[in-house]
Structure formats: C-alpha cells, structure tokens
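Spelled out from the first residue to the last, the chains are:
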2 protein chains.
Amino acid sequence: MAFSKGPQAARITSTDVARAAGVSRATVSFVLNGTSTARISEETRSRVLAAADELGYVPHAAARSLRAGRSDLILLPAAVSATGRLFSDWVDDMETALGERGYTVVLHGNRSPDPVTAARAWAQLRPAAVLAMAPNSLTAEAVQVLAQAGTTAVLTIAPEPMPGVFTLLGDQSDIGRVAAEHLVSRGRRRIGVLMPTERGLSAFAEPRLAGIQRVATVHGATVTPLPMPYGGEAASALAVLCRELGLDAVFGYNDEYAALLSAALNDHGVDVPGQIAVVGADDLLLAQIVRPQLTSVRYRLPAADLIADTVDSLINRGTAEPLPSVWFEPVPRQSS
Amino acid sequence: MAFSKGPQAARITSTDVARAAGVSRATVSFVLNGTSTARISEETRSRVLAAADELGYVPHAAARSLRAGRSDLILLPAAVSATGRLFSDWVDDMETALGERGYTVVLHGNRSPDPVTAARAWAQLRPAAVLAMAPNSLTAEAVQVLAQAGTTAVLTIAPEPMPGVFTLLGDQSDIGRVAAEHLVSRGRRRIGVLMPTERGLSAFAEPRLAGIQRVATVHGATVTPLPMPYGGEAASALAVLCRELGLDAVFGYNDEYAALLSAALNDHGVDVPGQIAVVGADDLLLAQIVRPQLTSVRYRLPAADLIADTVDSLINRGTAEPLPSVWFEPVPRQSS
DNA sequence: ACACCCAGTTTACACGTGTTACCAGTGCTC
DNA sequence: GAGCACTGGTAACACGTGTAAACTGGGTGT
C-alpha cells in the first residue's frame, strides 16, 4: 500500500500541551484526567487547561487504552439495515445510557456469518464490552476469542444461558409460537410463513419458523415456508401462490414483509382477513397505518438504563444481577 | 473509577506467538503482515502462522495504529433511529464497499448538537476518514479539530463546497423545492409542512421547510409549519387542525410522517387527495403499501463503490475526483 | 542538628505493535 | 583468503499515553 501523507496539520499531543504550559507531561495527564492521587496547584491546573484549549488538544483514545489496558469502547455489532424501528430506538437509548456512564458506543455492521471470524474482527478493537444481540452471533470459541482480547463484558440474547456470557433470556421462536397460537385460536390451520431472502435475516427467520412449526404440529395445522425478497413484485407473485395453495393464514416474519403481502393480496382480490389472515411482528407504526390494520407480535426488552447498569457492573465488577427475560405478546388488529 | 479486573484470560500478544514459534517478534510481524521487504523462509512462515492460529492471536488495533500513525477506522456519525431505509441501505453498502478495501467502518450515534464537541469525540478515535452525512454537522473549526487529529479524509453533503472537506453537493431544501413545485403544479396553494419534534431531525426538516417557502413565495402560496411528534395520536390531532386551517396540501417531511397523517385524515373523513394532497419524501416501500399510494420525493446518492473509491483516494493521495451531485425527483402517486 | 511529613511536581517505565537498521552465515568469484 | 552478493533473521527504537515511584523545598516537631 503506497502512502504519501500529503500536506498535514501538525498533530497535537500532550507533550505539546506540557511545553506550552511550562510543565511536565505527567502534570498535564493528571490535570486532564482529574487524577485525585496527585495534588496539583490551582494555578498550574488552570494554566494547563488553558494551554490544552488553546492548542485544541484531543487525547488519543488508542494510546490511552493501550497504556491503561482497558478501553471505554462498547461494540454493538448490528447491520443498520437489518434493524426494525423498535430495535433501533433501543440502540439509540443504549447509546445515550452508556454515554452518560462514560462509554463510547460504536456500531459495527457484521460482514461475516461465521461467529469466530466476526469475533476476531471485534476483538481487534479491544472493546470493554460487546453487545451481540443478533441470534446465533456467538459460539463458545467466539467468546473465548473475546475473553483473550480482554473484553470483560459480553451480552447476548439467547434461549438458554451461555457460559461466560451475560445472557438475556429470550427466544426468537417465541415470536413464531405467539403468532401461531393466535392464528390457531382463530381457527386457521393452513399457515404460510414468509422467509425473507435478505442477508442477515435468516438468523431471525429460521427460529420464528421453528416456533410456528412446533405449535402447528400440536394442533394438526400445516406450515408452508415461502421465500420472499423484499419488494412489491415478489409480494405480488407470492399473493397468487398463497391463493393457489389454499392457505388461510400467513405469518409475515415482520410487519414490513407482512404489510407488503397484505397489500398484494388486496390487489389480487383476496379478502384479508376473510380468506387469509396476516400476522406481522415488531409492532411497527406501519402496522397501525395500513388498512386493514395489521395484527402483530411485539417484544419487550428490559429498559436501556437497566441494561447499561448491567454492562457497567460487568465491566467493573465482573458480575451482575440477572435481568428479566425478553417477552412477547400478540397485538390483535384487523388483519386476523 | 474503581477497577477490579477479576478473573481474566491471559492476553495473547505477538510476543507470545514469537516465543511459541521460536522466532523474534519482528519475524512474527513480518509474516502476519506479509511485509514484502523482508525475506522469510517458507518453513518459519508456516511455523509462525501455526503458532498464531494455535494461540488464537488477534492483533491489537490500537497499538497497531498508534505505531503506524494511521488507522483503518472509518467513522460514520449517524443516529441509527434517525435514518430511513434508503439511507441505511446505503450505509450497509458503504460498509461492504469500504470493507473490501480493507477499512473498518464504524457507526457512532452523535449525542452532541455542537459540531466542535462532536468532532472532538470523533477525533479521539483518530479515524482515517469521517463521513459526516448529516446536514450542518461540520463547521470550519470542527474540520480543523479533525485535521489536527490526523483525519485526512472528511466527507459531507452540503449545498456548497466546504474548504478542507470533500463535499458531495446536495441540498435538503431541494427536497422541499421539488415537493412544492409538484404541489403548486397541481393547483395547491395552502400548504402545511410537518415538522417532526424528534431529536436530530430538525437539521433535515428546517431546510426542507425553507425550500418549500421559497417556491411558495414565488407562486403566492401560503406555508404553515406543523410540529408533530412521531405517533398516531399526534397525527390524529393534526388531521383535525389541517381541516380547520383549510389547508389543501401537506408536505409530510418523510414518508412515515406523511403516511401517518394521511391515514389520520382518512379516519376523519377527509378525502386524500380530493380535499388535501399529501406528499412524503425518501420513497420508502411504505409509500407503495399504503392506500392511497403516497406521492414522494426520492433522492439519489452516487453509488457506494464510487464513494468508497473516493474515500480511499482521499486517504492515500489526499485528493480525489469530484463526484456527481445528489439529486432529487418527484415520484407522483395517488395521494396528490 | 536531625528526622519526618506534606504539597507539588518530574522521571521513568510500560502498554503492543511496525519498521529501519544491522548482523550472521553461505556460496561464489577473483 | 579477501571481497561481494544474497538469504534469513534479530535488536532496538518510536508511536502517545497513564501512573507508580522518586524527588524538591519548606515547614514542624524533638
């Protein structure tokens, strides 16, 4: 890789600040970090602060965490496009809550389907914590990679506790279960399940399908997986297929996919919910906007502040109190 | 801040790899980075690789960039929740495109409204590039902070070129302009404009409003800003207000807000577009799902690959060819 | 005169890595 | 055997920072 730096502004380090204030670099560090073990006179203190401000000094996070052996970085691996509004609002709240506690939250779109490869990429940043909320994003080996990199706090959502990981109990398949129980209770027995073909979504879609299949088996209902790319034409084609297959209900994976199909069914003269019931998930605002209003499944995460405290505790004390599970509830509306 | 590290796995460094392979640390570095200036025998090469794999060695990005004086980090400041699907798809593509070029893309939700404070936070990470796509997220001073931190590539979208910044020409007010021209051409003269009250959105909303006002002034139309929180009740209240004010058109800021209002208008017996026309923006899939289908304004960014090449060139050569502007076009549908 | 303490500051080392010199050996030529 | 080129490798420094330990004067008690 050829590198010609080009014209470059002088990089300001704490040494420059020290020189400008006429003190040693250690003093600068003490002042800027408010180290209480060192006594600094008020006069030098203000001189250092003035010099730092004057020069526009900004500390070098990499050097700092290298020396300190810890970083204030918290990594949240998640592809932006693969998140619904509910989750991205939660991410926003987490950024605020953790920011208030002095951490720097950073999102990183995970390009590797293999947990160990992904973990290696995360580990390079030596984050203080990793919040791996996507299902199946961790394995035992991946956790070990993170531990060796000094990441003390690893958080995930999983159906069962993982060793070495703070596990928020919650099962994607419960979404399918709740949806299926709802549909069965309304007398539906021939259930189609939309399976999005977009990258990164199958980790969510597969368990939801499994949850539906378990309920269906008990009640003697049939389940038909229906692969579907995100888009209007695909939905239209699928609407025709649903009619031909004689389905009486479809679980849409998601409110967006469900609404897409619902609109397409309407366009083809299929009555929703008269002929085919449609159920989404995530309870997006979209579900309330479309007509017929969309029945959905909503999930609830523990409050961001609560989780932030947990992460903080994991980082500083290595342990934390358990949190309530993630739970799901049906939100019945017009489409079912 | 009290720190008790707790039980901690041994941290593996290149020194450990060197010891395990029976070579010096320099040799390890040469092998792992494929340095071509140093000649290494095939036999030691494989021994080093085996040792690194065996120990699960992961390089320390901070130490690496500290020593090298550059980092492969690219910072994309953006609140996840404040992005439409169009933009988040683009972010996804950028992560892929830049990842292929060897960079690590990282998103950071910007909690500070002040550009200089925000820039200082970004500068701590010493990123190779900053893609500040939100409007008004940069000032001259903020750019200087980044430059002093060694960030060679700064990219933004703005109406006019900024010195020291690679500016993608594009004006949010053009969205308002395009929407207003469309409405005026359909005979509308009393235009309401939704102004979302959510955090971070006013930077987008204000210029769009300004664009509408400019067009309105020319054609003798009136413009009424309508503050609105994201939600069904607010939309309902606003629907009533729109009727009382005798508006004949509303620009909804966004497809989501527009669809919300459109549904509320329908619920209150107001005919869309008969009595009030509604126009959104971003051309989300949502616009095609709702009935009446929503007229929207779509924007186009240069392809992610093109921008990634530009960023790469800015980092390595300090300069890059200009790119085509961001541009906007109306997408007429049933709601206007 | 000496020991001792205290406030205020500096010296010196460590963190993990990339890279520029430099070095040891071997074969080859004159 | 001296000189040289080449192969394969190592020693040592630098990056910017945090912090334990040492240092300096001046005061204070005995």
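Bear in mind the structure is a predicted one, so any value in this text is a computation, not a measurement. (Residues numbered from 1 in each chain as written. Chains lettered and ligands numbered in written order. Predicted model: local features only at pLDDT ≥ 70, side-chain atom pairs only at ≥ 80, totals over all residues. Heavy atoms only, no water.)

(A) Geometry of the overall build of chain A. Counting its regular elements, chain A contains 13 helices and 11 strands. Taking 2.2 N^0.38 as the reference for a compact globule, 336 residues should give roughly 20 Å; the C-alpha atoms of chain A span a radius of gyration of 26 Å, well beyond that estimate. The C-alpha extent of chain A, read off along each of the three principal axes, is 85 × 45 × 40 Å. For chain A, the proportion of its 336 residues judged to be buried stands at 54%. In chain A, 70% of the contacts between residues at least 6 apart in sequence involve partners at least 24 apart. Of note, chain A has its 29 positive side-chain charges centred 5 Å away from the centre of its 33 negative side-chain charges. (Helix = DSSP H or I, 4+ residues; strand = E, 2+ residues; numbered from the N terminus. Rg over C-alpha atoms; globule rule 2.2 N^0.38 Å. Buried < 20%, exposed > 50% of the residue type's maximum accessible area, 1.4 Å probe, protein only. Contact = heavy atoms within 4.5 Å. Lys, Arg positive; Asp, Glu negative; His and termini not counted. Charge placed at Lys NZ, Arg CZ, Asp CG, Glu CD.)

(B) Fine view of the interface of chain B and chain A. At the interface, 65 residues of chain B touch 65 residues of chain A. For the chain B and chain A pair, buried surface summed over both sides reaches about 6,200 Å², with 55% attributable to carbon and sulfur atoms. Among the residues chain B hides against chain A, the three largest losses belong to Val80, Arg85 and Gln148 of chain B. Together they make up 10% of the total. Our count for the contact surface shared by chain B and chain A stands at 2 salt bridges. Among the ionic pairs, Arg291 of chain A bridges to Asp267 of chain B, the shortest N-O distance being 2.8 Å. If you list the elements that add at least two residues to the side of chain B that touches chain A, you get α4 (61-68), α5 (85-100), β2 (104-108), α6 (115-124), α7 (140-148), α11 (255-267), α12 (286-289) and α13 (304-317) of chain B. Looking at the side of chain B that touches chain A element by element, the count peaks at 8 residues for α5 of chain B. (Buried area = accessible area lost by both parts, 1.4 Å probe. Salt bridge = Lys/Arg side-chain N within 4 Å of Asp/Glu carboxyl O.)

(C) Looking closely at the relation of the copies chain B and chain A. Once chain B is rotated about the relating axis by 180° and shifted along it by 0.1 Å, it coincides with chain A to within an RMSD of 0.1 Å. Taken together, the rotation angle and the small translation identify this as a two-fold axis. In this assembly, 98% of the residues forming the interface of chain B have copies in chain A that are likewise at the interface, indicating an isologous arrangement. (Least-squares fit on C-alpha atoms with pLDDT ≥ 70 in both.)

(D) Region of interest: the sheet that holds strand β7 (residues 222-228) of chain B. Residue and element names in this part refer to chain B. If you trace the 4 strands from one edge of the open sheet to the other, you get β7-β6-β8-β9, paired in parallel fashion. Two strands lie at the open edges of the sheet, namely β7 and β9 (277-279), each paired on one side alone. Ignoring which end each strand starts from, the neighbouring axes of this sheet average 20° apart. Relative to β9, strand β8 (residues 249-251) is paired through 3 bridges, and the arrangement is parallel. Bridge assignment links Ala249 to a residue of β9, and that residue is Ala277. Strand contacts of helix α8 (residues 172-185): β6 (190-196), β8 and β9, with the helix running at about 155° to β9, the strand carrying the most contacts. (Pairing = 2+ DSSP bridges. Axes fitted to C-alpha atoms, helices over the stretch in contact; angles between N-to-C directions.)

(E) Geometry of the protein's contact with DNA strand C. Near DNA strand C you find 26 residues, and of these Thr27 and Arg67 of chain A together with Ser14, Tyr57 and Arg67 of chain B are the closest. Backbone atoms, meaning sugar and phosphate, make up 55% of the atoms of DNA strand C lying within 4 Å of the protein. Residue Ser24 of chain A places a main-chain N or O atom 2.8 Å away from a phosphate oxygen belonging to DNA strand C. Between DNA strand C and Tyr57 of chain B there is a distance of 2.4 Å, counted from a phosphate oxygen to a side-chain nitrogen or oxygen. (Near = heavy atom within 4 Å. Polar contact = N/O pair within 3.5 Å; in protein donor to acceptor, adjacent residues only side chain to side chain.)

(F) Expanded view of the protein's contact with DNA strand D. Close to DNA strand D lie 26 residues; Arg25, Tyr57 and Arg67 of chain A together with Thr27 and Arg67 of chain B are nearest. The sugar and phosphate moieties of DNA strand D supply 56% of its atoms located within 4 Å of the protein. Listed by contribution, the elements that provide at least two residues to the surface near DNA strand D are α2 (25-33) and α4 (61-68) of chain A together with α2 (25-33) and α4 of chain B. A class-by-class count of the residues in the surface near DNA strand D yields 10 nonpolar, 9 polar and 7 charged. (Nonpolar A, V, L, I, M, F, W, Y, C, P; charged D, E, K, R; others polar.)

(G) Region of interest: the environment of Ala118 of chain B. Residues and elements named next belong to chain B. Mapping Ala118 onto the fold places it in helix α6. A residue is classified by how much of its surface remains accessible, and Ala118, at 3% relative accessible area, is buried. Separated by 92 residues in sequence, Ala118 and Ala210 place their C-alpha atoms 26 Å apart. When sequence neighbours within four positions are dropped, the list of residues in contact with Ala118 reads Asn110 and Ser112.

(H) Representation of the domain arrangement of chain A within the structure. Residues and elements named next belong to chain A. Partitioning chain A into structural domains gives domain 1 (14-59), domain 2 (73-169 + 301-322) and domain 3 (172-299). Computed over C-alpha atoms only, the centres of domain 2 and domain 3 are separated by 30 Å. Overall, the association of domain 2 and domain 3 removes approximately 780 Å² of surface from exposure, summing both partners, and the carbon and sulfur fraction of that is 66%. Viewed at the interface, domain 3 and domain 2 are joined by 0 salt bridges. Where domain 2 touches domain 3, the interface holds 0 residue pairs in polar contact (both at pLDDT 80 or more). Split by residue class, the side of domain 2 that touches domain 3 holds 6 nonpolar, 2 polar and 1 charged. (Domains from an automatic or database assignment.)

(I) Representation of the pairing of β7 of chain B. All names here are of chain B. As paired strands, β6 and β7 are joined by 7 bridges and run parallel to one another. Pairing of Arg190 across the sheet is with Thr222, part of β7. Regarding topology, helix α9 (residues 202-219) serves as the crossover connection from β6 to the parallel β7, and that connection is right-handed. (Right-handed = clockwise from strand over helix to strand, strands pointing away.)

(J) Structural context of the packing of helix α10 (residues 232-245) of chain B against α11 of chain B. Residues and elements named next belong to chain B. At a minimum axis distance of 8 Å, the contact between α10 and α11 shows a crossing angle of 60°. Classified by the angle their axes make, α10 and α11 are oblique. The crossing of α10 and α11 is right-handed. In this structure, α10 uses Gly232, Ala235, Ser236, Leu238, Ala239 and Cys242 to contact α11, whose residues at the interface are Leu260, Leu261, Ala264 and Leu265. When its residues are assigned to classes, the contact of α10 with α11 shows 8 nonpolar, 2 polar and no charged. (Parallel < 35°, antiparallel > 145°, perpendicular 65-115°, else oblique. Left-handed = near helix turned anticlockwise from the far one by under 90°.)

(K) Looking closely at the packing of α5 of chain B against α13 of chain B. Residue and element names in this part refer to chain B. Where α5 contacts α13, the axes come no closer than 9 Å and their chain directions differ by 50°. Between α5 and α13, the angle falls in the class oblique. The way α5 lies across α13 gives a crossing that is right-handed. Two secondary-structure elements touch here, α5 through Trp90, Asp93, Met94, Ala97, Leu98 and Glu100 and α13 through Ala304, Asp305, Ile307, Ala308 and Val311. Along the lines of polarity and charge, the residues of the contact of α5 with α13 split into 8 nonpolar, no polar and 3 charged.

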